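This is what each chain is made of:
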Amino acid sequence: MAIIETLSLGQKYGRQYTLKNINLRVDAGDVFALIGPTGAGKTTLLRLLNLLEKPFEGSIIFDGINTTGPNSHYLEIRRRMSFVQQKPVVFDMSVFGNVACGLKWRHEQSEAIKQRVEGALNLVDLIDYENRNARTLSGGEAQRVAIARALVTEPEVLLLDEPTANLDPNSITKIEEVLAHTIAEQTITVVMATHDMSQGQYLANKIGVLMNGKLLQTGSPDDIFSSPISREVAEFVGIENILDGEIVDKDGNLATIDVNGTTIQAISDYAIGERVYVFIRPEDIILTLAQDITSARNTFRGRIVKATLIGPLFHIKAYCGFPLLAVVTRRSAQELGLIAGREIYASFKATAIHTIKK
Amino acid sequence: MEELWQALGKAVELLVTFDAEVMEASGRSLAIAATSCSITAFICLPLGSLIHFSRFRGKRLLLNIIQTFYGIPTVAIGLMVFVLFSSSGPLGGLDLMFTPAVMVIGQVILVTPLMLGLTISALNGVDKAITETAVSLGASRFQAAIITLKHARYAVLTAVIMGFSRAFAEVGLALMVGGNIKGATRTLTTAISLETSKGDIELALALGIVLILIALIISLTLNRLQQR
Ligand SMILES: Nc1ncnc2c1ncn2[C@@H]1O[C@H](COP(=O)(O)OP(=O)(O)OP(=O)(O)O)[C@@H](O)[C@H]1O
Ligand SMILES: [Mg+2]
C-alpha cells in the first residue's frame, strides 16, 4: 500500500524547474533514501511532501488523500508526519520544552507528555540535558533534540533531510543507531535525503536517485549499486571505472567488448555493434603480481600509476590499455609491494561488469 | 535663582510627605496609561500577528501607513476624539467627555499604530525557520503564531513599553478631552502644564520630578530589554 505517492510533481521558483515530473511511490513501512548531489532538489522534495510548500504542478497523494485537492486538511495530514530539517532549528526553551511541543500542539495530557518526552530523550541519550536551554547545545546535540522532537509524536511518516550532515563520526554513529532502532521497533515509514550512499545502503530498503530535479532511478540498494541506469548515476554511486566500448562479438549473453583496442568480456544484453559504457566497481578488481590462473575471464597486464592510502584502503590507479582504479587492503598492498611503477595483473569477472547503452 | 531653589525644596517636601495632590495625579496618570496600554496590547498582539502571518495585496502599503502614524500629533487625536464625543458629536450620547474613559479611548487610538508597527517588526525579527519548524511539527496557524510571539517576547515587550511611554507622557490629548478636572481627570502632565501657567511652580516641579523619575525607569527597562 502506497502511503506517499507523487504524480508528475514539479516545482519551480524562477524560470527553471527545481523538480520536474517526479513520480515517487513510497509504501507503508518503507525506508526510502533519496540520494543525489547538492542542489539536486532533495530538500525541495521533502518540503513538498511535508506540505510546507505548494507544488507548481502535479500532486501528492498521502494515504489516499490528494493533498492538492480542494478541502485538503493540511494540518491533519501534517500531524501524521514529522520532518527533521537539514539545518534543524531548536526553540529558545528547554530541551524538554522543545521535545514536548509537538505533543502539546496535539493536546496530549501533561502526564503522557512527560512520559513520552523522557522516553524520547532517553533514546537520543539527552535525558541529563532536559532542563538546559536548547540554544546552548552543540550541533550534534541539537540534531539529536530535533530527532527526539520528531519521533516523540510517533509519526506514521518520518522525513529526514540529511540527518547526519556536518556532524562528527561519533554523532553520526549515534544518530544512525537511533534511526536503525526506530526503524526496527516501530511501524514507521521513512523518507530520508542523503548524499552519503553508505547511509542509504545501511538504513534503506529503497533508494531513489535524484539529479538535476529528476528522479533518475529507483530500486533496491542492490539494484542501484550494481545496475545504475546511466553514466551519471553510476558516477554518483561511486563506480569509478567507466569505460567506453563497442560490442564486437556475442556468445549467448557473454559479450566481447572492444575498449580502446583491448577486449573485455562481460555479461550484457546488448547486441553486436552497440556502443556501451562499461562499469567496473573498484572493489571487484583483483590485483596480482603474476598472471594467476583464476576463474576471472578478464586479465590485463598493466602498470601502477599511483597508490594512495585513503582510510583503511589503498586506492590503486593503474593503466592496462585503459585506466583502472582498484582498492586493496593496506596489508595486501604492502605484501604485494604495490607502489607506483610496479607491473601488475588486473583481473575481474565477466559478471562483475555492468554495461549500459550509450 | 533663590526662588527656584526654594521651589525645588518645597517640591521635594511635597514628594517625601506623599502630598495627596501629587500622589493622586501620579496615580491617575499611571492608571490611565496602563489601562489604555493593556487594551492596546490586547488589540495589537493578535492583530499584528494576523497581519504578519497573512499574505495579501497592499500589505506593504498598510505597513507604511502604520509607520506614518507612529508620531501623529496628540492634539490631532485630541481633536478627533473631541469631535466624536462632544455633546453634539456622533458619540456624544455616551456622555463620556471629560472622563478618564474618554482619555483611555484617545490614548488607545494614539498608541495603536506605534504598538502595532513595533509588534510586526518584532515578529519580522524572528527567524522564519522557527515558525516553519513549528508548522512542520504539527502546530496550527494559531499555535505557530504563539510560539513565534514567544521568540519575539523581548521585542514585543519593548513595543508595549514604548506604547506605555507615549501614552504616559502625552499632554495634548489629556488636556483636550480630559480637561484637567481635579479629582477626576487631572494627570501628571496636565497638572504640570496648568500649574506652571498658574504660577504654582512648586507643585509643578514636584510633579515634574515624578514624571522624570517614571520616564527614567521606563527608559532603563527598555535598555535592559534591548540588550537581551
Ligand atoms: N526557495 C527557493 N527559491 C529559489 N530557489 C530555490 C529555493 N529553494 C531551493 N532552490 C533551488 O533549488 C535547487 C534545489 O535545492 P535543494 O535545496 O532542494 O537541493 P538539495 O538536493 O537539498 O541540495 P543539498 O544537498 O545541498 O541540500 C537549488 O538550485 C536551489 O538553489
Ligand atoms: Mg538539501
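Relevant structure appears above.
So, a few notes on the structure that sits alongside this text.

Thresholds applied
Residue numbers restart at each chain and count upward from 1, following the sequence in its written direction. As they are written, the chains are lettered A onward and the ligands numbered 1 onward, keeping that order. A pLDDT threshold of at least 70 governs which residues receive local features in this predicted model, and a stricter bar of 80 or more applies before side-chain atom pairs are shown or counted, although totals over entire chains, interfaces and linings include all residues. Values shown for side chains rest on all heavy atoms present in the structure; no hydrogens or waters enter the calculation. Helical segments are the DSSP runs of H or I of at least four residues, strand segments are the runs of E of at least two, and each set is numbered from the N terminus. Summary of the burial criterion: residues with accessible area below 20% of their type's maximum are buried, those above 50% are exposed, and those between are partly exposed, where the area comes from a 1.4 Å probe applied to protein chains only. Contacts: residue pairs with any heavy atoms within 4.5 Å of one another. Per-residue and other accessible areas follow the Shrake-Rupley method at a 1.4 Å probe size, with only the shown protein chains counted as cover for residues. Charge assignment in this entry is limited to Lys and Arg as positive and Asp and Glu as negative, and neither His nor the chain termini are counted. A charged residue contributes its charge at one atom only: NZ of Lys, CZ of Arg, CG of Asp or CD of Glu. Cavities and pockets are defined on a 1 Å grid built over the protein atoms alone: a cavity is a set of grid points where a 1.4 Å probe fits but cannot escape, while a pocket is an open set with protein on both sides within 12 Å along at least five of seven lines, and lining residues are those with an atom within 4 Å of any such point. Grid points are joined across faces, edges and corners, and a volume is the space filled by probe spheres set on the points. In this classification, the charged set is Asp, Glu, Lys and Arg, the nonpolar set is Ala, Val, Leu, Ile, Met, Phe, Trp, Tyr, Cys and Pro, and all remaining amino acids, among them Gly, are polar. Between any two strands, at least two bridges found by DSSP are needed for them to pair. All axes are obtained by fitting lines to C-alpha atoms, using only the stretch in contact for helices, and the reported angles, taken between N-to-C directions, cover 0 to 180 degrees. For classification purposes, angles smaller than 35 degrees are called roughly parallel, those larger than 145 roughly antiparallel, those between 65 and 115 roughly perpendicular, and all remaining angles oblique. Here a crossing is taken to be left-handed if its near helix is turned anticlockwise relative to the far helix by less than a right angle, and right-handed if that turn runs clockwise. Salt bridge, as used here: a side-chain nitrogen of Lys or Arg that lies within 4 Å of a carboxyl oxygen of Asp or Glu. We call two N or O atoms a polar contact when they sit within 3.5 Å, provided that within protein one can donate a hydrogen and the other can accept it, with sequence-adjacent residues counted only if both atoms are side-chain atoms. Planes of paired rings set the category: under 30 degrees apart is stacked, over 60 is edge-to-face and the rest tilted, where pairs are Phe, Tyr or Trp rings (Trp by its six-membered ring) whose centres lie within 6.5 Å. The rule for donors is simple: an N, O or S atom within 2.8 Å of the metal counts, and for Na, K and Ca the reach is 3.2 Å. Water is not among the atoms, so a site may look short of donors.

In this section: the overall build of chain A. Regarding its fold elements, chain A presents 10 helices and 21 strands. Oriented by its inertia axes, the alpha-carbon framework of chain A measures out at about 75 × 45 × 35 Å. Counting the 358 residues in chain A, one finds 51% classified as buried. The long-range fraction of contacts in chain A, counting pairs at least 24 apart against all pairs at least 6 apart in sequence, stands at 65%. Total accessible area computed for chain A in this model is approximately 16700 Å², and 48% of it derives from carbon and sulfur atoms. When the 37 basic and 41 acidic side-chain charges of chain A are each reduced to a single mean position, those positions are 6 Å apart.

Our focus in this paragraph is empty space enclosed by the protein. This structure, assessed with the given rule, holds four cavities of 30 Å³ or more. In this model, the largest cavity occupies a volume close to 60 Å³. Taken together, Phe83, Val84, Gln85, Pro88, Val89, Ala146, Arg149 and Ala150 of chain A together with Thr133, Ser136 and Leu137 of chain B make up the lining of the largest cavity. Taken together, the elements giving at least two residues each to the lining of the largest cavity come down to strand S7 (81–84) and helix H5 (139–151) of chain A together with helix H6 (128–136) of chain B. Here the lining of the largest cavity takes three residues from H5 of chain A, the largest share from any one element. Residue classes in the lining of the largest cavity are distributed as seven nonpolar, three polar and one charged.

So, on to the sheet that holds strand S21 (residues 353–357) of chain A. Residues and elements named next belong to chain A. Pairing is antiparallel in the open sheet, where five strands are placed in the order S14-S13-S12-S15-S21. Pairing within the sheet leaves two strands with one partner each, and these edge strands are strand S14 (262–267) and S21. The average undirected angle you get between the axes of adjacent strands in this sheet is 45°. Pairing between strand S13 (residues 254–259) and S14: six bridges, direction antiparallel. Residue pairing for S14: leucine 254 is matched across the bridge by isoleucine 267.

Residues and elements named next belong to chain A. The six strands lie next to each other as S7-S8-S9-S4-S10-S11, forming an open sheet whose pairing is mixed. The open sheet has two free edges, formed respectively by S7 and strand S11 (214–219), since each of these has just one partner strand. Neighbour-to-neighbour, the strand axes of this sheet turn through a mean angle of 15°, independent of strand direction. Pairing geometry for S7 and strand S8 (residues 157–161), over four bridges, is parallel. Its bridge partner lying in S8, methionine 81 is registered against valine 157. Strand contacts of H5: S7 and S8, with the helix running at about 175° to S7, the strand carrying the most contacts.

On to the packing of helix H4 (residues 74–85) of chain B against helix H5 (residues 100–124) of chain B. Residue and element names in this part refer to chain B. Viewed as axis vectors pointing N to C, H4 and H5 meet at an angle of 130°, and their least axial separation amounts to 10 Å. Overall, the two elements H4 and H5 adopt an arrangement that is oblique. The chirality of how H4 crosses H5 is right-handed. Residue-level inspection shows Thr74, Ile77, Met80, Val81 and Phe85 of H4 in contact with H5, the latter providing Val102, Ile105, Gly106, Ile109 and Leu110.

Right, let's get into the environment of glycine 117 of chain B. Residues and elements named next belong to chain B. Within the fold, glycine 117 resides in helix H5. Overall, glycine 117 belongs to the buried group, its relative accessible area being 7%. C-alpha of glycine 117 to C-alpha of glycine 48: the two residues are 69 residues apart in sequence and 7.4 Å apart in space. The residues contacting glycine 117, other than those within four sequence positions of it, are Ile66 and Tyr70.

For the rest of this paragraph, the subject is the side chain of arginine 106 of chain A. With respect to the helices, strands and loops of the structure, arginine 106 of chain A is situated in the loop between helix H3 (95–105) and helix H4 (110–123). Although arginine 106 of chain A is buried, it makes no salt bridge; glutamate 108 of chain A carries the closest opposite charge, 6.4 Å away. Of the polar contacts made by the side chain of arginine 106 of chain A, one reaches the backbone oxygen of arginine 79 of chain A; its length is 3.2 Å. Apart from residues lying up to four places away in sequence, arginine 106 of chain A is in contact with Arg78, Arg79, Met81 and Thr153 of chain A together with Leu137 and Gly138 of chain B.

Quick look at the packing of aromatic side chains now. How two aromatic rings sit relative to each other is given by the distance of their centres and the angle of their planes. Residue and element names in this part refer to chain A. A full pass over the atoms with the stated rule returns six aromatic pairs over all chains. Geometrically, the ring pair formed by tyrosine 17 and phenylalanine 56 is edge-to-face, given 6.0 Å between the ring centres and 75° between the ring planes. Here the residue tyrosine 17 occupies a position in strand S2 (residues 17–22), and phenylalanine 56 occupies one in the loop between helix H1 (42–49) and strand S5 (57–62), the gap between them amounting to 39 residues. In this structure tyrosine 17 comes out as partly exposed when scored by relative accessible area, which is 30%. Aromatic side chains phenylalanine 300 and phenylalanine 322 sit 5.2 Å apart centroid to centroid with 80° between the ring planes, which places their arrangement in the edge-to-face category. One end of the pair, phenylalanine 300, is in strand S17 (residues 298–310); the other, phenylalanine 322, is in the loop between strand S18 (313–319) and strand S19 (323–329), with 22 residues separating them in the sequence. Each member of the pair phenylalanine 300 and phenylalanine 322 is classed as buried.

Residues and elements named next belong to chain A. At this site the magnesium ion (ligand 2) is bound by Thr43 (OG1) and Gln86 (OE1), with donor distances of 1.8 to 2.2 Å. With a gap of 43 residues between them, threonine 43 in helix H1 and glutamine 86 in the loop between S7 and H3 connect regions that are remote in the sequence. You can call threonine 43 partly exposed: its relative accessible area is 27%.

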